[in-house]
Amino acid sequence: MKALVISVDMGELDYKAHAEEFVMLAEGAGAQIVEQLVVRRSRPDSAYYIGTGKLEEAVALAKATEAEVVLFDHALSPAQQRNLERKLELRVVDRVALILDIFALRAQSHEGKLQVELAQLQHLTSRLTRMWTHLERQKGGIGMRGPGESQLEMDRRMIGDKVRTLRERLAKVQRQRSTQRRARTRSGTLSVSLVGYTNTGKSTLFNALTRADAYAADQLFATLDTTTRRIWIEGAGQVVISDTVGFIRELPPTLIAAFRATLEETVHADLLLHVVDAANPQRDEQIAEVHKVLEDIGAHEIPRILVYNKIDQAGYEPRVERDEHGTIARVFVSALERIGLDGLRAAIVESGHFAENNASEQ
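Along each chain, numbering runs from 1 in the same order as the chain's sequence is written. Given that the model is predicted, a residue must reach a pLDDT of at least 70 before its local features are reported, and side-chain atom pairs must reach 80 or more before they are shown or counted; all residues, however, enter totals for whole chains, interfaces and linings. Hydrogens and water molecules were not included; the side-chain quantities draw on all heavy atoms of the structure.

- As annotated in an unreviewed UniProt entry, the protein is GTPase HflX from Alcaligenes aquatilis.
- UniProt positions are given in the numbering used here, feature names are shortened, and annotations may be inferred rather than shown by experiment. Quoted straight from UniProt, the Cofactor (unreviewed entry) entry for the protein says "Mg(2+)".
- The heading Subcellular location (unreviewed entry) in the UniProt record of the protein holds the text "Cytoplasm".

So this is what it looks like as structure tokens:
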């Protein structure tokens, strides 16, 4: 589908990386980008986000390139989205909706599909007005005597019912996960979760550690569903390792809420391996974004090791670094080349013993 991409530069230091990431998201969703329009503003316009002058330029660009959709690299309010669609006479998809669309495209498991559908419905609820403003109240008739019910009210009620049903089904999944975790806790099994920004190589590292075949690709959100494997590590015994969904800038709050059941594998882990793309110049900003999400879901106090992956591209040697207290802080590996994995396994053993001692003291 031919897409016009609009992004707004408000002077942020990481604007370029943010815009490049959005292009990757768009291409990951299957868009053929025919033109990119960069708008510089000090703050968003309340009605159109980009202001009327640039909007006229966007209208002309969309017509000249025969764009079929406009992708907007920011979260739009329902009113802004409605106003833009009226002027552009095209569907406008903002950053939140695009991420949700990719999640819908990539979800494989029953649980993942439920979570995506719930997030999409929650996002849609606030935008129902723009979809049904052209419909008048229904007329009375057989089975419809009295004032009737507007299409908007009907849809809100139907979506509300669907949301409740999805939440109940996800709650059941959550209870099942909780039962599995309790069984692991009773058996004294160490639980390790891989977390990190999207496209840092988490699934490749997961495959390297567990000899599994979880899907891994060089694209944003290649893996959505939590995959768990049980492995044996000398010195630690049985270890359960989980590969979780990657994080991203401005991850939609509805998505964090909807994926709560999946992310609970992270919340209840004994140890987090925070996988970082060592070759990415934006790695420090990405680390900060992951820390922010971990805090949002209540996982920020779990012992954590930074795993600098892709050292074959970054020119680093495999090594283990400790902080001023002698605790392992960083491990440098290449999951693709299987370099440095022994050091990582040793770090898991040492950190696992620390987590056990910590838990016994509490």
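Having seen it, we continue.
**Topic: the sheet that holds strand β1 (residues 2–9)**
(1) Moving on: Taken in spatial order, the four strands line up as β2-β1-β3-β4 in an open sheet, and their pairing is parallel. Edge positions in the sheet fall to β2 (32–40) and β4 (91–94), since each has one partner strand and no second. Here the strands of the sheet are splayed against their neighbours by 25 degrees on average, with no regard to which way each runs.
(2) Moving on: One requirement defines pairing of two strands: DSSP has to find at least two bridges between them. Think of it this way: any DSSP run of H or I at least four residues long counts as a helix, any run of E at least two long counts as a strand, and we number them from the N terminus. Pairing between β1 and β2: eight bridges, direction parallel. Of the residues in β2, the one forming a bridge with Val8 is Val39.
(3) Moving on: Contact definition: two residues touch when any of their heavy atoms are within 4.5 Å. The axes used here are C-alpha line fits, helices contributing only the stretch in contact, and every angle between their N-to-C directions lies in the interval 0 to 180 degrees. The strands that helix α2 (residues 52–65) touches are β1 and β2; relative to β2, the one it contacts most, it runs at about 170 degrees.
(4) Moving on: Contacts from helix α3 (residues 78–88) reach β3 (69–72) and β4 within the one sheet, and its direction differs from that of β4 by about 145 degrees.

**Observations regarding unusual backbone geometry**
(1) Moving on: The backbone of Tyr49 shows a phi angle near 70 degrees, a positive value even though the residue is not glycine.
(2) Moving on: Position of Tyr49 among the secondary structure elements: in the loop between β2 and α2.
(3) Moving on: To sort residues, take the accessible area from a 1.4 Å probe on protein chains only and compare it with the maximum for the residue type: under 20% means buried, over 50% means exposed, and anything in between is partly exposed. Since its relative accessible area comes to 8%, Tyr49 is described here as buried.
(4) Moving on: Of note in this structure, Asn199 is not a glycine but carries a positive phi near 70 degrees.
(5) Moving on: With respect to the secondary-structure elements, Asn199 resides in the loop between β5 (190–196) and α8 (202–210).

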